[in-house]
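Below, each chain spelled out in residue letters.
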Amino acid sequence: GAGVSQSPSNKVTEKGKDVELRCDPISGHTALYWYRQRLGQGLEFLIYFQGNSAPDKSGLPSDRFSAERTGESVSTLTIQRTQQEDSAVYLCASSLLGVGNTEAFFGQGTRLTVV
Amino acid sequence: GNSVTQMEGPVTLSEEAFLTINCTYTATGYPSLFWYVQYPGEGLQLLLKATKADDKGSNKGFEATYRKETTSFHLEKGSVQVSDSAVYFCALSSGYSTLTFGKGTMLLVSP
């Protein structure tokens, strides 16, 4: 596609429910990243994919968070048993190579609200 | 670990004023430095970057110089426009895997 696409754009869920967030990166981009942006905070790194493997998942805040990527394309971020502190904008980015070398392109994010 | 500190906003300016948004960093090795911008209702996009000391990144009238001695990468523009109103993020990458972001600085430019 023309850019990084994320869905849904907004999600309201009840505390304790599971949610799945989707990211469609730019075609051909091997690197994919998930970030979280809480209100008034900077972007917090969650996980990085190179191809379908995740060499750096150090930012996942708890074992309730998981992510996968298939076909070197679509990625899903799953949050189990959501808590109110999970409320944030979840951003996905992709780049042709790693970000130190090539530009990272960001999606518009998924705004998650846990009530 | 890596970290980025940037001035808190909002920064409020009149059109044609001079802009500086301060950014300092802590990193191991020799990071690449970036400024990203987020216009209202849009995703983050790269504004400019510098990959080594003394490099100057520039784009759309914005400039930032990589200062290793002061570990800084301040964003400047000589004459801001209303259309520059956005949130600006300073970021660094000390490898190929991740970007470390500052908290963002909102810029509001009035006519």
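Residues numbered from 1 in each chain as written. Chains lettered and ligands numbered in written order. Predicted model: local features only at pLDDT ≥ 70, side-chain atom pairs only at ≥ 80, totals over all residues. Heavy atoms only, no water.

## Description of the overall build of chain B
Then, number 1: Of regular secondary structure, chain B possesses zero helices and twelve strands.
Then, number 2: Its C-alpha atoms give chain B principal-axis dimensions of about 45 × 25 × 20 Å.
Then, number 3: Out of the 111 residues in chain B, the part that is buried amounts to 47%.
Then, number 4: In chain B, the share of contacts with a sequence separation of at least 24, taken over all contacts with a separation of at least 6, comes to 54%. (Helix = DSSP H or I, 4+ residues; strand = E, 2+ residues; numbered from the N terminus. Buried < 20%, exposed > 50% of the residue type's maximum accessible area, 1.4 Å probe, protein only. Contact = heavy atoms within 4.5 Å.)

## Some words on the state of the cysteines
All names here are of chain A.
Then, number 1: Tallied over the full model, the rule gives two disulfides over all chains.
Then, number 2: Each disulfide pairs two cysteine sulfurs, and for Cys23 the partner residue is Cys92, the sulfurs being separated by 1.9 Å. Looking down the S-S bond of the Cys23 and Cys92 bridge, the torsion is -65°, so its handedness is left-handed. One end of the pair, Cys23, is in strand 3 (residues 19-24); the other, Cys92, is in strand 9 (residues 88-95), and 69 residues separate them in sequence. Of the two residues examined, Cys23 and Cys92, each falls in the buried class. (Disulfide = S-S within 2.5 Å.)

## Focus on the interface of chain A and chain B
Then, number 1: Counting residues at the interface gives 20 residues for chain A, matched by 20 residues for chain B.
Then, number 2: In this assembly, chain A packs against chain B so that about 1600 Å² is buried in total across both faces, 56% of it on carbon and sulfur atoms.
Then, number 3: For the pair chain A and chain B, the number of links is zero salt bridges.
Then, number 4: Joining chain A to chain B, the criterion identifies one residue pair in polar contact (both at pLDDT 80 or more). (Buried area = accessible area lost by both parts, 1.4 Å probe. Salt bridge = Lys/Arg side-chain N within 4 Å of Asp/Glu carboxyl O. Polar contact = N/O pair within 3.5 Å; in protein donor to acceptor, adjacent residues only side chain to side chain.)

## Topic: the side chain of His29 of chain A
All names here are of chain A.
Then, number 1: On the secondary structure map, His29 appears in the loop between strand 3 and strand 4 (31-37).
Then, number 2: A relative accessible area of 9% places His29 in the buried class.
Then, number 3: In contact with His29, not counting residues within four places along its chain, are Arg69, Glu72, Ser94, Ser95, Leu96 and Phe105.

## Let's talk about the pattern of salt bridges
Then, number 1: Under the defined criterion, the tally for this structure stands at six salt bridges over all chains.
Then, number 2: Between Arg22 of chain A and Asp24 of chain A there is a salt bridge, with its nearest N and O atoms 2.7 Å apart.
Then, number 3: What makes Arg22 of chain A partly exposed here is its relative accessible area of 36%.
Then, number 4: In this structure, the salt-bridge partner of Glu63 of chain B is Lys56 of chain B, at a minimum N-O distance of 3.6 Å.
Then, number 5: Residue class for Lys56 of chain B comes out exposed when judged on its relative accessible area of 52%.

## Quick look at the nonpolar core
Then, number 1: Leu19, Trp35, Leu47, Leu48, Phe73, Leu75 and Tyr88 of chain B are the most contacted members of the largest nonpolar core, which has 26 residues in total.
Then, number 2: Counting residues per element, the ones that place at least two in this core are strand 2 (11-14), strand 3 (19-21), strand 4 (23-26), strand 5 (32-38), strand 6 (45-50), strand 8 (62-65), strand 10 (86-93) and strand 12 (105-110) of chain B.
Then, number 3: Broken down by element, this core gets its largest block of residues, four residues, from strand 10 of chain B.
Then, number 4: Dropping the residues within four chain positions of it, Leu47 of chain B is found in contact with Trp35, Tyr36, Val37, Asn59, Lys60, Phe62, Leu75 and Tyr88 of chain B.
Then, number 5: Ranked by size, the runner-up nonpolar core spans 20 residues in total, among them Tyr35, Phe45 and Ala93 of chain A together with Leu44 of chain B. (Core = buried A, V, L, I, M, F, W, Y, C linked by side-chain atoms within 4.5 Å.)

## Considering the sheet that holds strand 1 (residues 5-7) of chain A
All names here are of chain A.
Then, number 1: The strand order 1-3-8-7 describes an open sheet built from four strands, whose pairing is antiparallel. Only two strands of the sheet have a single partner each, and these edge strands are strand 1 and strand 7 (65-69). The mean inter-strand angle of the sheet, taken between neighbouring strand axes irrespective of direction, is 15°.
Then, number 2: Where strand 3 meets strand 8 (residues 75-79), five bridges bridge the pair, whose relative direction is antiparallel. Within strand 8, the residue paired with Leu21 across the bridge is Leu77. (Pairing = 2+ DSSP bridges. Axes fitted to C-alpha atoms, helices over the stretch in contact; angles between N-to-C directions.)

In short, the description is geometric, and any link to function would need to be established separately.
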